[in-house]
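# Summary of the model geometry
One letter stands for each residue in the lines below.
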Amino acid sequence: MKNQIVSIRRRALAASEEHAHALRERFAGSGTLVPNLISSPGSGKTTLLEATVRRFAGRYRISVIEGDVATERDADRIRALGVPAHQVLTGGACHLDARQIDGALSVADLMPADILFIENVGNLICPTTYDLGEDFKVALLSVTEGDDKPFKYPAIFSRAEVTVVTKADLLPYVPFDLEAVRGYVASLNPGGTLLVVSSTTGEGVDEWCELLASRLEDKRRP
Amino acid sequence: MHEMGIAIEIYRTCRDTVAEHGGGRLRQVRIAVGELAAVEPDLLVFGWEAVVADTPDQGAALTVDFCRADQRCPACNQAKDRSEGSWLRICPDCGTPLEVRGGDELDVIEVSFETDEEGCP
Ligand SMILES: Nc1nc2c(ncn2[C@@H]2O[C@H](COP(=O)(O)OP(=O)(O)OP(=O)(O)O)[C@@H](O)[C@H]2O)c(=O)[nH]1
Ligand SMILES: [Mg+2]
Ligand SMILES: [Zn+2]
């Protein structure tokens, strides 16, 4: 028996991050924009994707990877609109991992695509840490969840390039200080963008789609 | 508790490291966790204990070095402290966005282990 001490400096998530890196190269090669949508359960991720798919019909090739603990429901909702979707079932895990994105791409017909949306498992904490090879993270916050979420879960709001306040049609019915949220998110993430949308009325959906279109154009600019 | 998933990843990284050095049983692992990494050190240690239990590495200790982020205000041209528990990334004195360096570490920095064989190089 011999004791040995090895000094290394290796990212704790090195194995997973290598997958993410390979994915990012692949998406760069194919010119595919990949937004990673993160929010609490029920903030309106799938509903916003449905609205987005309808807006972009005939303009972009879209595919979707859905992450949920159980059920194919979300993928079925997207497929009903004629868009390829693959459901990753995490079986209890609270986030998606780059290996699962790899896996999804190898078993499902999702590529080629102009935009590949990843809807992460409903959770504001765990998905924050995991790189999926995405272009940017999108944090969604519905007005019914309360305006204190960015204060309670600052990590995701400081890392998401885009914050989307959803269910804006309900603003008249719930106490939600939009300006306070705007100010706080801006301080957490000075370079970020905040959008206010309602998938129900369509408010803000055009701005959201324009943001995606311009990010895609940027990515493809030689 | 996502620290559990991270503990599993750390364990994988450590096992890989040991395997690259001839194999053996883990004794102690030292990691760096930044204050902005969204990882709770106590929960991570708790998760680690659960991960190594019932493996040949049972009892291996995880030590966490907690790293502060380095924040500078470009306008005041000085380092600024974050007030305890606050994530604000603006200068408390002049409101300019701060330049933040580090604080997002989640690194394995040292792996101690017992080699399987006597006197092997
Ligand atoms: N009033 C209103 N309701 C909405 C809006 N968007 C979504 N909803 C409702 O909110 C509920 C949850 O929406 P989903 O899109 O399934 O939420 P999700 O974030 O995908 O949920 P999970 O995948 O389970 O985490 C549904 O009942 C939607 O009809 C909106 O803009 N306004
Ligand atoms: Mg959903
Ligand atoms: Zn200043």
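Worth saying up front: this structure is predicted, and the values here are computed from it rather than measured.

Once that is clear, we can look at the overall build of chain A. On a plain count of helices and strands, chain A comes out with eight helices and eight strands. What you see for chain A is a C-alpha radius of gyration of 18 Å, in line with the 17 Å of a compact globule of 222 residues. When its C-alpha atoms are laid out on the principal axes, chain A stretches across 70 × 40 × 40 Å. Within chain A, the fraction of its 222 residues that count as buried is 55%. Across chain A, contacts joining residues at least 24 apart in sequence account for 73% of those joining residues at least 6 apart. Total accessible area on chain A stands at roughly 9400 Å², and carbon and sulfur atoms take up 51% of it.

Take the coordination of the zinc ion (ligand 3) next. Residue and element names in this part refer to chain B. Only C73 (SG), C76 (SG), C91 (SG) and C94 (SG) from the protein reach the zinc ion (ligand 3) as donors, at distances of 2.2 to 2.4 Å. Site description for the zinc ion (ligand 3): donor spacing in sequence, C-x2-C-x14-C-x2-C. On the criterion of sequence distance, the pair formed by C76 in the loop between β3 (70-73) and β4 (78-79) and C91 in the loop between β4 and β5 (99-101) is long-range, its members being 15 residues apart.

Right, let's talk about the nonpolar core for a bit. If you look at the biggest cluster of nonpolar residues, it comprises 30 residues, and the most contacted ones within it are I62(A), I115(A), F117(A) and W208(A). No other element matches the seven residues that helix α8 (residues 205-220) of chain A contributes to this core. Core analysis: the second largest hydrophobic core is formed by 27 residues, I6(B), I31(B), A37(B) and A60(B) among them.

This part is about the pairing of strand β3 (residues 62-68) of chain A. On a regular strand, each side chain points to the face opposite its neighbour's, so the side chains alternate between the two faces of the sheet. All names here are of chain A. Among the seven residues in β3, seven count as buried, and that is most of the element. Side chains I62, V64, E66 and D68 of β3 all project onto a buried face; the interleaved residues S63, I65 and G67 project onto the opposite face, where all are buried too. One ladder, built from five bridges, connects β3 with strand β5 (residues 115-119); its direction is parallel. Bridged to E66 within β5 is E119. Relative to strand β4 (residues 85-89), β3 runs parallel, the two being bridged by five bridges. Bridged to I65 within β4 is H86. Each parallel crossover has a hand, and for β3 linked through helix α3 (residues 73-79) to β4 it is right-handed.

This part covers the coordination of the magnesium ion (ligand 2). Residues and elements named next belong to chain A. Protein coordination at the magnesium ion (ligand 2) comes from T46 (OG1), D74 (OD) and E119 (OE), with a distance range of 2.0 to 2.1 Å. All donors of the magnesium ion (ligand 2) belong to a single chain; written as a sequence motif, their spacing is T-x27-D-x44-E. Taken together, the residues T46 in helix α2 (residues 45-56) and D74 in helix α3 connect sequence positions 28 residues apart. Residue T46 shares its accessibility class with D74, and that shared class is buried.

A separate point is the environment of V196(A). Examined against the element boundaries, V196(A) turns out to sit in strand β8 (residues 193-196). Leaving out residues up to four positions away in the same chain, V196(A) has contacts with V165(A), A168(A), L178(A), R182(A), E203(A) and G204(A).

It is worth spelling out the sheet that holds strand β6 (residues 106-115) of chain B at this point. Taken in spatial order, the four strands of this open sheet run β1(A)-β6(B)-β1(B)-β2(B), and their pairing is mixed. For this open sheet the edge positions go to β1 (2-11) of chain A together with β2 (61-67) of chain B, each flanked by a neighbour on one side alone. Looking at each pair of strands side by side, their axes are set apart by 15 degrees on average, direction ignored. When strand β1 (residues 24-34) of chain B meets β2(B), the two strands line up parallel, connected through seven bridges. Directly across from V33(B), in β2(B), lies its bridge partner F66(B).

The next point concerns the site of ligand 1. Residue and element names in this part refer to chain A. K45, T46, T47, D169 and T200 are the nearest of the 17 residues found near ligand 1. Between ligand 1 and the protein, one listed contact pairs an oxygen atom with a side-chain N or O atom of D74 at 3.0 Å. Side-chain polar atom of R77 to an oxygen atom of ligand 1: 2.9 Å apart, as the coordinates give it. Protein chains shield 71% of the accessible area of ligand 1, which is 660 Å² for the free molecule. Elements supplying a minimum of two residues to the shell around ligand 1: α2 and α3. The element best represented in the shell around ligand 1 is α2, accounting for three residues.

Next up on the list: the packing of aromatic side chains. Residue and element names in this part refer to chain B. Going through the model one piece at a time under the given rule, you end up with three aromatic pairs over all chains. Centroid distance Y11 to W48: 5.9 Å. Interplanar angle 75 degrees. Geometry classified as edge-to-face. Remark: W48 occurs in helix α2 (residues 41-52) and Y11 occurs in helix α1 (residues 3-20); sequence separation between them is 37 residues. For the pair Y11 and W48, one class covers both residues: buried.

What follows covers the side chain of E66(A). All names here are of chain A. Position of E66 among the secondary structure elements: in strand β3. No salt bridge is formed by the buried E66; its nearest oppositely charged neighbour, R77, is found at 7.5 Å. Contact partners of E66, with chain neighbours within four places excluded, come to T46, L49, D74, A75, I78, H86, Q87, V88 and E119.

Conventions and cut-offs
Residues numbered from 1 in each chain as written. Chains lettered and ligands numbered in written order. Predicted model: local features only at pLDDT ≥ 70, side-chain atom pairs only at ≥ 80, totals over all residues. Heavy atoms only, no water. Helix = DSSP H or I, 4+ residues; strand = E, 2+ residues; numbered from the N terminus. Rg over C-alpha atoms; globule rule 2.2 N^0.38 Å. Buried < 20%, exposed > 50% of the residue type's maximum accessible area, 1.4 Å probe, protein only. Contact = heavy atoms within 4.5 Å. Areas by Shrake-Rupley, 256 points an atom, 1.4 Å probe, with all protein chains shown as cover. Donors = N, O, S within 2.8 Å, 3.2 Å for Na, K, Ca; no water. Core = buried A, V, L, I, M, F, W, Y, C linked by side-chain atoms within 4.5 Å. Pairing = 2+ DSSP bridges. Right-handed = clockwise from strand over helix to strand, strands pointing away. Axes fitted to C-alpha atoms, helices over the stretch in contact; angles between N-to-C directions. Near = heavy atom within 4 Å. Polar contact = N/O pair within 3.5 Å; in protein donor to acceptor, adjacent residues only side chain to side chain. Phe/Tyr/Trp six-rings, centres within 6.5 Å; stacked < 30°, edge-to-face > 60°. Lys, Arg positive; Asp, Glu negative; His and termini not counted. Salt bridge = Lys/Arg side-chain N within 4 Å of Asp/Glu carboxyl O.

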